[in-house]
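# Commentary on secondary and tertiary structure
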Amino acid sequence: MMMFNRPPLGAAKSLLVVLVLLSLAATTHARAAMAIQEVNSSSGMKAWLVEDYAVPIVTIRFAFRGGSAQELPGEEGLANLMSGLLNEGAGDLDSNAFQQRLDDVGAEMKFDAGRDAVYGYMRVLADRKDEAFELLRLAIEQPRFDQASLDRIRAQIVSGIMAGAKDPQTAAEVAWMKAIYGDHPYSRRKEGTAQTLAALTTFDLKAFHHRLFARGNVTIAVAGAIDARALKRDLDRIFGGLPAHPFLMPVAETTPKLGQEVRVHDDLPQNRLHLAYSGISYKDPQFFAAYLMNHILGGGAFTSRLWNEVREKRGLAYSIESSLEISDHASALVIDTSTRPDCAAETLSLIRAEVRRMVDEDVTEEELEAAKKNIIGGYTIGNLNSSSAVADTLVELQLKGLDIDYIDRRGQLIQAVTVADVRSAARRLLSAAPALMIVGPPLEGKKALEGKKG
């Protein structure tokens, strides 16, 4: 995902000072009980709010559903390009005037586009929020998409694409996404291509913006020094002028095509090994069993089975991990590592053996309890240790369709998982032959050939 984060032109010293205070207060904040309120405005806007007056900052995070997956063939890169232009002038303010006003207010504003949503973010001192929120309203409601800004941002993106064209790993990612998702929108490059970007116009940007940016299509979270009454008024100010409904195309559900190999040969100093297995959705009853299973297999840094077997015992790779990758319309469990070419066949064989062991044998009670402890304890540190992290987390929970009390119930749901549940999840996700990508020199040797059937 390409991030567009154009910071204020000047120092914004007051905000920076408060950010230092914010980092010092983070630990205390993370330990504190967090009360999440649902705030509904008079125009029907809804947001989840966590009031926090430890530092005088307000953070707002929001997402309009429909990212690059909403692009038509030939429009690849449109969502990414639009997100890069939203703070490049709005209303009566051209790019320079808009950035100067943003700098004067001392606010941080950024946008980025993913597969399934276009995200926005603002952080500002509480006593400057009215001015900052007016700029945010303009950016969301009346972006200009001026030709000069369009040409400049497009050139930046194309420059990155051209640089990536020389990178075998980028070529491998393109080939991989095409192999596992075929013609589904998830197979397209989010940044587009030089050809598709060259064809995009201001008309295309305005039409795409009009399709996605609607009151009925936005998910909002706010954290910091603001109460529910003030937020209701601000929600109406920022989002109330948008159309009521979006115009989204249906996107088909899909699953990664497993049981295939993608080989990208290049004279690299290392081989990258990337495997994809079946995934699982957040709302699936077996989700937490799968989450714990993945943590034991390769998700737990410094403690997982793959880490111990591949790195600690044999020193075959600097790092190895597995993760659950979950989007709105597809999911997968992936394993990724890089190793020396002369170690690649052995490493791949070990990965396959550990996956097989996860399917064939129960995890131990000690492994499961340690995984539960790490996952429960790590959630606050990873997701709730700042107002920005809180806002990010609350938006993601809403996008996943989870309830407002999810954080309170999460620990109980994890504790309820048994060894048998983990085994069942492993059989479901890991039994089928994976999709495998090998980037680098060709693998040779008996162990690599043996692995083809595993």
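From a predicted model like this one, the values you see are computed outputs, not experimental measurements.

## With respect to the overall build of the protein
When you go through the protein residue by residue, the secondary structure sums to 17 helices and twelve strands. Relative to a compact globule of 454 residues, whose C-alpha radius of gyration would be 22 Å, the protein shows 23 Å and is just as compact. With the C-alpha coordinates of the protein rotated into their principal frame, the extents come out at 70 × 50 × 40 Å. Counting only contacts in the protein whose residues sit at least 6 apart along the sequence, the fraction spanning at least 24 positions is 83%. Surface accessibility of the protein: about 19,900 Å² in total, with carbon and sulfur atoms responsible for 53%.

## Some thoughts on the sheet that holds strand β9 (residues 271-278)
A sheet is described by the order of its strands in space; here five strands give the open sequence β8-β12-β9-β11-β10, paired in mixed fashion. Both edges of this open sheet fall to β8 (261-265) and β10 (317-326), since each of them pairs with a single strand only. Between one strand axis and the next, the sheet turns by 10° as a mean value, whatever way the strands run. Note: β8 against strand β12 (residues 435-440), five bridges, orientation parallel. Bridged to V262 within β12 is M437. Strands in contact with helix α6 (residues 168-181) are β8, β9 and β12; relative to β12, the strand with the most contacts, it is inclined by about 165°.

## A few points about the UniProt feature "domain: Peptidase M16 C-terminal" (unreviewed entry) in the protein
On the UniProt side, "domain: Peptidase M16 C-terminal" (unreviewed entry) is annotated at positions that read residues 203-374 here. The distance from the first to the last C-alpha atom of residues 203-374 is 50 Å, and the span holds 42% helix and 23% strand.

## A word on the side chain of S331
Mapped onto the secondary structure, S331 falls in strand β11 (residues 331-339). The class for S331 is buried, based on a relative accessible area of 16%. Looking at S331, its side chain comes within polar contact range of the main-chain nitrogen of I280, at 2.9 Å. S331 has contacts with P256, G279, I280, S281, E325 and I326, leaving out every residue within four places of it along the chain.

## Considering the packing of aromatic side chains
The description of two aromatic rings rests on the distance between their centres and on the angle between their planes. Enumeration according to the criterion identifies ten aromatic pairs in this entry. Seen in terms of ring centroids, F62 and F111 are 6.3 Å apart; in terms of plane orientation they differ by 65°. Their pairing is edge-to-face. You can see F62 sitting in strand β4 (residues 57-65) and its partner F111 sitting in strand β5 (residues 108-113), a full 49 residues away along the chain. A single burial state applies to F62 and to F111, both of which are buried. Pairing F302 with W307 gives two aromatic rings, centres 5.2 Å apart and planes at 90°, and the pair type is edge-to-face.

## Notes on the pairing of β12
With six of six residues buried, β12 is to be regarded as a mostly interior element. Direction of pairing for β9 relative to β12: antiparallel, over a ladder of five bridges. For L275, the partnering residue across the bridge sits in β12 and is L436.

## Examining the environment of V174
Structurally, the position occupied by V174 is in helix α6. Judged by relative accessible area, V174 falls into the partly exposed class, the value being 31%. When the C-alpha atoms of V174 and S187 are compared, they prove to be 7.8 Å apart, with 13 residues separating the residues in sequence.

## Some words on helix α4 (residues 129-141)
Its 13 residues place the ends of α4 17 Å apart at the C-alpha level, agreeing with the 18 Å of an ideal helix rising 1.5 Å per residue. Of the residues making up α4, those classed as buried are K129, A132, F133, L135, L136, R137, L138, A139 and I140. Contact partners of the buried residues in α4: β4, α3 (95-105), β5, β6 (117-125), α8 (202-212) and α9 (228-239).

## With respect to unusual backbone geometry
Only a minority of non-glycine residues have a phi that is not negative, and only a minority of peptide bonds are not trans. Look at F145: it is not a glycine, yet its phi comes out positive at around 50°. Along the chain, F145 falls in the loop between α4 and α5 (147-164). Of note, F302 is a non-glycine position whose phi angle comes to about 70°, a positive value.

## Some details on the pattern of salt bridges
All told, the structure shown has 31 salt bridges when counted by the stated rule. Between R263 and E261 there is a salt bridge, with the nearest N and O atoms lying 2.9 Å from each other. With a relative accessible area of 37%, R263 lands in the partly exposed category. For R357, the salt bridge is made with E354, and the minimal N-O distance between the two is 2.9 Å. Taken together, the positions of R357 and E354, both in helix α12 (residues 341-360) and three residues apart, correspond to about one turn of that helix. What you see here is one network of salt bridges that share partners, running through K129, D130, D234 and R237.

## Observations concerning the packing of helix α2 (residues 78-85) against α8
Where α2 contacts α8, the axes come no closer than 10 Å and their chain directions differ by 90°. For the element pair α2 / α8, the angle class is roughly perpendicular. For the pair formed by α2 and α8, the contact residues are L78, A79, L81, M82 and L85 on the first element and D204, L205, F208 and H209 on the second. By residue class, the composition of the contact of α2 with α8 is seven nonpolar, one polar and one charged.

Conventions and cut-offs
Residues numbered from 1 in each chain as written. Predicted model: local features only at pLDDT ≥ 70, side-chain atom pairs only at ≥ 80, totals over all residues. Heavy atoms only, no water. Helix = DSSP H or I, 4+ residues; strand = E, 2+ residues; numbered from the N terminus. Rg over C-alpha atoms; globule rule 2.2 N^0.38 Å. Contact = heavy atoms within 4.5 Å. Areas by Shrake-Rupley, 256 points an atom, 1.4 Å probe, with all protein chains shown as cover. Pairing = 2+ DSSP bridges. Axes fitted to C-alpha atoms, helices over the stretch in contact; angles between N-to-C directions. UniProt positions renumbered as here; feature names shortened; annotations may be inferred. Buried < 20%, exposed > 50% of the residue type's maximum accessible area, 1.4 Å probe, protein only. Polar contact = N/O pair within 3.5 Å; in protein donor to acceptor, adjacent residues only side chain to side chain. Phe/Tyr/Trp six-rings, centres within 6.5 Å; stacked < 30°, edge-to-face > 60°. Expected span 1.5 Å × (residues − 1). Salt bridge = Lys/Arg side-chain N within 4 Å of Asp/Glu carboxyl O. Parallel < 35°, antiparallel > 145°, perpendicular 65-115°, else oblique. Nonpolar A, V, L, I, M, F, W, Y, C, P; charged D, E, K, R; others polar.

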